[in-house]
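Overview (structure and organization)
Chain by chain, the residues run as shown.
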Amino acid sequence: MFCLALKYTYFCPRCGKPTQYNKERNGLCIDCFVELEKAELENEDFKFDVTICIGCGRIKHGNLWLELNKEVLKTRLYSLIHGTKLKFYDFEVELPTNIDLSSAYQYDKLDIIANVSVRDQKIIRKQITLRINKAFCPLCSKKQSGKYYESVIHIRFQRESRSKLTEVLSEFINTTTTRLEKLETIDVKKEGEGIVIRLSSRKLAKELLSALNRKFSLAILRKYRTPVTVNINNRQQLINIDVFIIRLFQA
Ligand SMILES: [Zn+2]
Ligand SMILES: [Zn+2]
């Protein structure tokens, strides 16, 4: 009895060197592949599409919307590059040092340099162009539709205060919308004798309360937090909504 060990060796069809068969390299060894592809790689431009939310500046990565910073942009780039033939090389992405990612959504494209090296030998610097698609992320579209808010302020006031209140509110809305970097919504509705304001940001609600407090004497009648489920991007999310019931008096 003897044992037959099955031995299998594959040879590169171009140079005859033993190598591992790799379908994506058309069966060539890495050296032959690089030699043949190098010229093509040098001529090729790399253009990718990325989607950035114009409401909050987040970038779409798979099903996620991530806060855009250099690390996240690199992660996004590596996964885009991985879908190209650059994946056969060692590459390293270099972001421009002066890149201002907080306003990236305002641009139509970003140019980025990738250093592509083959087996420790630096060969090419490739320019990568990112075309920027502008969209609203699920949270911002929810905000836009007025269906997302974190704070509700119920305001009760005396009839004489109405015009002053309107003035304070419109000034607050005007200054806020010019200063904000993210999309936020302030929804003002008349309800019965009072006014109800729904704000998409807790912080903004605090600011409004102090703006009111500067112009009126303000009494908080009730303050509570109530959990609400909101559907964002087909996912149920629990948000705690801050509710304030306040009364204003002429100061
Ligand atoms: Zn070969
Ligand atoms: Zn957004």
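Just so we're clear, the structure is a prediction, and the values are computed from it rather than from any experiment.

Thoughts on the environment of Leu86
Relative to the elements of secondary structure, Leu86 occurs in the loop between helix H2 (70–81) and strand S6 (90–94). Note: C-alpha distance between Leu86 and Phe46 (40 residues apart in sequence) is 9.5 Å.

As for the domain arrangement of the protein chain
Entries for the protein chain in the domain assignment read domain 1 (44–135) and domain 2 (138–250). Averaged C-alpha coordinates put domain 1 and domain 2 at centres separated by 38 Å. At the interface, 4 residues of domain 1 touch 5 residues of domain 2.

Focus on the nonpolar core
With 35 residues, the main nonpolar core has Cys53, Ile153, Ile155, Ile197, Leu199, Leu208 and Leu248 as its most contacted residues. Counting residues per element, the ones that place at least two in this core are strand S3 (46–53), H2, strand S8 (121–135), helix H3 (138–144), strand S9 (151–157), strand S11 (194–199), helix H5 (202–215) and strand S13 (235–250). Two domains each put at least three residues into this core: domain 1 (44–135) and domain 2 (138–250). What Ile155 contacts, discounting residues up to four positions off in sequence, is Gly194, Ile195, Ile197, Ile246 and Leu248.

A closer look at the packing of helix H4 (residues 162–179) against H5
Between H4 and H5, the least distance of the axes is 11 Å, while the angle of their chain directions is 140 degrees. It follows from the interaxial angle that H4 and H5 lie oblique. Note that H4 runs across H5; the crossing there is right-handed. Taking contact as the criterion, the partners of Lys164, Val168, Phe172 and Thr176 in H4 are, on H5, Leu204, Leu208, Ala211, Leu212 and Lys215. Considering only residue class, the contact of H4 with H5 consists of 6 nonpolar, 1 polar and 2 charged.

Some remarks on H4
Look at H4: 26 Å from first C-alpha to last across 18 residues, which is about the 26 Å you get at 1.5 Å a residue. Where burial is concerned, little of H4 is hidden: 0 out of the 18 residues are buried.

Details of the sheet that holds S9
Sheets are built from strands paired through backbone hydrogen bonds, the pairs being either parallel or antiparallel. As summarised here, the arrangement of the 5 strands in space is S10-S11-S9-S13-S12, forming an open sheet in which the pairing is mixed. The open sheet is flanked by strand S10 (186–191) and strand S12 (216–232), the only strands paired with a single partner. Across this sheet, the average inter-strand angle for adjacent strands is 20 degrees, counted without regard to direction. Where S10 meets S11, 6 bridges bridge the pair, whose relative direction is antiparallel. If you follow Lys190 over to S11, its bridge partner there is Ile195. Strands S9, S10, S11, S12 and S13 of the sheet are contacted by H5, whose axis makes an angle of about 20 degrees with S9.

How each quantity is defined
Sequence order as written defines the numbering, with residues in each chain counted from 1. Chains and ligands are labelled sequentially in the order written, the chains with letters from A and the ligands with numbers from 1. Where local features are concerned, this predicted model is filtered to residues with pLDDT of at least 70; where side-chain atom pairs are given and counted, the filter is 80 or more; whole-chain, interface and lining totals use all residues. We count a stretch as a helix when DSSP gives it H or I for four or more residues in a row; a strand needs E for two or more, and each element gets its number in order from the N terminus. Domain delimitation follows an automatic or database domain assignment. Here contacts are defined at the residue level, using C-beta atoms placed from the backbone and a cut-off of 7 Å between them. Nonpolar core, as used here: buried Ala, Val, Leu, Ile, Met, Phe, Trp, Tyr and Cys residues forming one set through C-beta atoms within 7 Å. Partly exposed residues are those whose C-beta has more than 12 but fewer than 20 other C-beta atoms within 10 Å; 20 or more makes a residue buried and 12 or fewer makes it exposed, with C-beta atoms placed from the backbone. Where helices are involved, their axes are fitted lines through C-alpha atoms of the stretch in contact, as for all axes, and angles between N-to-C directions lie from 0 to 180°. Angles are sorted into four bins: roughly parallel if under 35 degrees, roughly antiparallel if over 145, roughly perpendicular if 65 to 115, and oblique for all others. Helix crossings get a hand from a simple test, with the near helix turned counterclockwise from the far one by less than a right angle marking a left-handed crossing and a clockwise turn marking a right-handed one. Basically, the charged four are Asp, Glu, Lys and Arg, the nonpolar ten are Ala, Val, Leu, Ile, Met, Phe, Trp, Tyr, Cys and Pro, and anything else, Gly included, counts as polar. What a helix is expected to span follows from its residue count: subtract one and scale by 1.5 Å. Between any two strands, at least two bridges found by DSSP are needed for them to pair.

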